[in-house]
Amino acid sequence: MRMIAVAVLGPLMALGLVGCGDTGARADAAVATADRLLGAVRDGDGAGACGLLAPDTADEVAKNAGRPCADAITGEDLPGPGDATRVRVDGQWAQVVIAADGDGTLFLAMFPGGWRVVAAGCRSRGERPYDCSVQGG
């Protein structure tokens, strides 16, 4: 597992700050993106899963595996899709927790085309950075 430094993002999420716009709709869209990513990985749809990743994250998945993202992502140890137990939106960032008892935290960022996953399969380590199985460089 790799660590994602959420030194800035984590405290903002902990405060529960929200940006402009319809927060409920933005949170629903973030959850839908997270769920689609986890479903695509579960179903072996590597191209679909990589299309939901932030560009740097997709590049890092490919770089770490030494093969295209679409071939590598389906081998990542991610939880299956499920009901979100917690969602926090802060401006251009979102945190979605699918499985509260493990590695079901995903971090997303807003891109021109919508939410994209910047890190997935993340496990909280208290005050330390999250441990994530998928993340950007």
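Higher on the page you've got the structure.
Quick caveat, the model's predicted, so the values are computed rather than measured.

Considering the packing of aromatic side chains
Here comes step 1: Applying the stated criterion to the full structure yields one aromatic pair.
Here comes step 2: Between Phe107 and Tyr130, the aromatic rings sit 4.9 Å apart at their centres with planes inclined by 85°, giving edge-to-face as the arrangement. In this pair, Phe107 is assigned in strand E4 (residues 105–111) and Tyr130 in strand E6 (residues 128–135), connecting sequence segments 23 residues apart. Each member of the pair, Phe107 as well as Tyr130, carries the same accessibility label: buried.

Quick look at the state of the cysteines
Here comes step 1: Applying the stated rule across the entire model yields two disulfides.
Here comes step 2: In this model Cys50 forms its disulfide with Cys69; the gap between the sulfur atoms is 2.0 Å. The S-S bond linking Cys50 to Cys69 shows a torsion near -95°; that makes this disulfide left-handed. Residue Cys50 is located in helix H3 (residues 46–50), and its partner Cys69 is located in helix H5 (residues 69–72); the two are separated by 19 residues in the primary sequence.
Here comes step 3: The class for Cys50 is buried, based on a relative accessible area of 13%.
Here comes step 4: The partner cysteine of Cys122 in its disulfide is Cys132, sulfur to sulfur 2.1 Å. Torsion about the S-S bond of the Cys122 and Cys132 cystine: about 110°, corresponding to right-handed handedness. Taken together, the residues Cys122 in strand E5 (residues 114–125) and Cys132 in strand E6 connect sequence positions 10 residues apart.

Criteria and cut-off values
- Residues numbered from 1 in each chain as written.
- Predicted model: local features only at pLDDT ≥ 70, side-chain atom pairs only at ≥ 80, totals over all residues.
- Heavy atoms only, no water.
- Phe/Tyr/Trp six-rings, centres within 6.5 Å; stacked < 30°, edge-to-face > 60°.
- Helix = DSSP H or I, 4+ residues; strand = E, 2+ residues; numbered from the N terminus.
- Buried < 20%, exposed > 50% of the residue type's maximum accessible area, 1.4 Å probe, protein only.
- Disulfide = S-S within 2.5 Å.

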